[in-house]
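One letter stands for each residue in the lines below.
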Amino acid sequence: MEIKKVYAVYFSPTRVTKKYIEGIAGRISPDFEAIDLTKPKLREKVYIFKNTDLVIFGVPVYAGRVPSVPDGMFSRIYGNSTPAVFNVCYGNRDFDDALLEEKDLCEENGFKGIAAASWIAPHTFSDKVAAGRPDGNDEAKMSEFAKKVKALLKKDLDSIKELSIRGNRPYKEVVPMPYHPSGNESCTRCGNCISVCPTSAVDINDPRKTDNDRCINCLACVKNCPSHSRNIYNPMFGIIIKGIEEKLTADRKEPEFFL
């Protein structure tokens, strides 16, 4: 393959997926270009890639699937038999059908998968789950994966077989969580939550409020609130977190490669 440009294309509300995707891209080419789909305005743009580009995609896993955002995650991103590497980050449980879904969405738009990987990140709802990831072992795995991708790039694209990824079709059904973050009386209206929300779910006129139909519970607003005003204020959510921590802190999941 003749690769002239490497791109890191990711959706990363809490910035961990960004670390992984930019880390992999940088190990392949220090001159990579990043496209951050977390920002709604950047998702509105149309991107067309050449067959001499390499695109490294990455998203977090929400309920076993690719995050559902207005107008679709990759709906305006097109390839021209463009080699691609697919990645997902999940909170130490499982990535279920998300990696397969990402592959399907991108390949429908003209990309050809040559490799894929799953990575572990702190759980969206609890930093106790997979705390400190990516760590040194993950960094070593990123280097190993990038080395394998670079080896694939020496081959002719047509000689690479269909990429097989663990997952199911139809994809896992998503059951929306009925609880969403909001601000309390300590809100200073600083606007941080508005600027980091990837779906424009925070009310511009009253940042204490959240549009529950648009909110995907990424909790970027909670993690970036300097006054700690925003949170999910429902007793049931605390019970959910307790159950998650009991189930997911005992074992350490490791990255998985598909080549």
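Everything quoted here is computed from the prediction, not taken from an experiment. (Residues numbered from 1 in each chain as written. Predicted model: local features only at pLDDT ≥ 70, side-chain atom pairs only at ≥ 80, totals over all residues. Heavy atoms only, no water.)

### Examining the packing of helix α1 (residues 16–28) against helix α4 (residues 136–152)
- Where α1 contacts α4, the two axes come as close as 9 Å, and the packing angle between them is 50°. By the angle class used here, α1 and α4 are oblique. Considering how the two elements wind past one another, α1 and α4 form a crossing that is right-handed. Between α1, through Lys-19, Tyr-20, Gly-23, Ile-24, Arg-27 and Ile-28, and α4, the contact on the second element is made entirely by Asp-138, Glu-139, Met-142, Ser-143, Phe-145, Ala-146, Val-149 and Lys-150.
- Looking at the contact of α1 with α4, its residues break down into seven nonpolar, two polar and five charged. (Axes fitted to C-alpha atoms, helices over the stretch in contact; angles between N-to-C directions. Helix = DSSP H or I, 4+ residues; strand = E, 2+ residues; numbered from the N terminus. Parallel < 35°, antiparallel > 145°, perpendicular 65-115°, else oblique. Left-handed = near helix turned anticlockwise from the far one by under 90°. Contact = heavy atoms within 4.5 Å. Nonpolar A, V, L, I, M, F, W, Y, C, P; charged D, E, K, R; others polar.)

### A closer look at the pairing of strand β2 (residues 33–36)
- One ladder, built from four bridges, connects strand β1 (residues 5–10) with β2; its direction is parallel. Residue pairing for β2: Tyr-7 is matched across the bridge by Glu-33.
- On the question of chirality, the crossover connecting β1 to the parallel β2 by way of α1 is right-handed. (Pairing = 2+ DSSP bridges. Right-handed = clockwise from strand over helix to strand, strands pointing away.)

### A short note on the sheet that holds strand β7 (residues 111–120)
- As summarised here, the arrangement of the six strands in space is β2-β1-β4-β6-β7-β8, forming an open sheet in which the pairing is mixed. In the strand order of this sheet, the two ends are held by β2 and β8 (256–258), each with one partner. Across the sheet, the mean angle separating the axes of adjacent strands is 15° when strand polarity is ignored.
- α1 rests against β1, β2, β4 (53–60), β6 (82–90) and β7 of the sheet, and its axis sits at about 160° to β4.

### Concerning α4
- Taking 1.5 Å as the rise per residue, α4 with 17 residues should run 24 Å; its terminal C-alpha atoms sit 25 Å apart, in good agreement.
- Among the residues of α4, Asp-138, Met-142, Phe-145, Ala-146, Val-149 and Leu-152 are the ones counted as buried. Seen along its axis, α4 keeps its buried residues to an arc of 110°; they face one direction. Away from its buried face, by an angle of more than 90 degrees, α4 presents the exposed residues Gly-136 and Lys-147.
- Those residues of α4 that are buried lie in contact with α1, β4, β6, β7 and β8.
- The residue sitting at the N-terminus of α4 and contributing the capping side-chain oxygen is Asp-135; that oxygen lies 3.2 Å from the backbone nitrogen of Asn-137. (Expected span 1.5 Å × (residues − 1). Buried < 20%, exposed > 50% of the residue type's maximum accessible area, 1.4 Å probe, protein only. Arc of directions from axis to C-beta. Polar contact = N/O pair within 3.5 Å; in protein donor to acceptor, adjacent residues only side chain to side chain.)

### Considerations on the layout of surface pockets
- Roughly 1300 Å³ of internal volume is contained in the largest pocket.
- Lining the largest pocket are 50 residues, and of these Val-61, Tyr-62, Ala-63, Gly-64 and Phe-125 sit closest to its centre.
- For the lining of the largest pocket, the secondary structure elements donating two or more residues are α1, β6, α3 (98–107) and α7 (235–248).
- For the lining of the largest pocket, the residue count by class is 26 nonpolar, 14 polar and ten charged.
- Here the second largest pocket is characterised by a volume of approximately 330 Å³.
- Contributing to the lining of the second largest pocket are 18 residues, with Pro-40, Ile-194, Ser-195, Val-196 and Cys-197 lying nearest its centre.
- Looking at the lining of the second largest pocket, the elements that each hand over two or more residues are α2 (40–43) and α5 (192–196). (1 Å grid on protein atoms, 1.4 Å probe; cavity = no way out; pocket = protein on both sides within 12 Å on 5 of 7 lines; lining within 4 Å. Points joined across faces, edges and corners; volume = space filled by probe spheres on them.)

### Notes on unusual backbone geometry
- Cis geometry marks the peptide bond from Arg-133 to Pro-134; its omega dihedral reads 0°.
- Structurally, Pro-134 is set in the loop between β7 and α4.
- In the segment running from Arg-169 into Pro-170, the intervening peptide bond is cis, with an omega of 0°.
- Within the fold, Pro-170 resides in the loop between α4 and α5.
- Positive phi, close to 65°, is recorded for Leu-219, a residue that is not glycine.
- Tracing the backbone shows Leu-219 in the loop between α5 and α6 (220–223).
- You can call Leu-219 buried: its relative accessible area is 6%.

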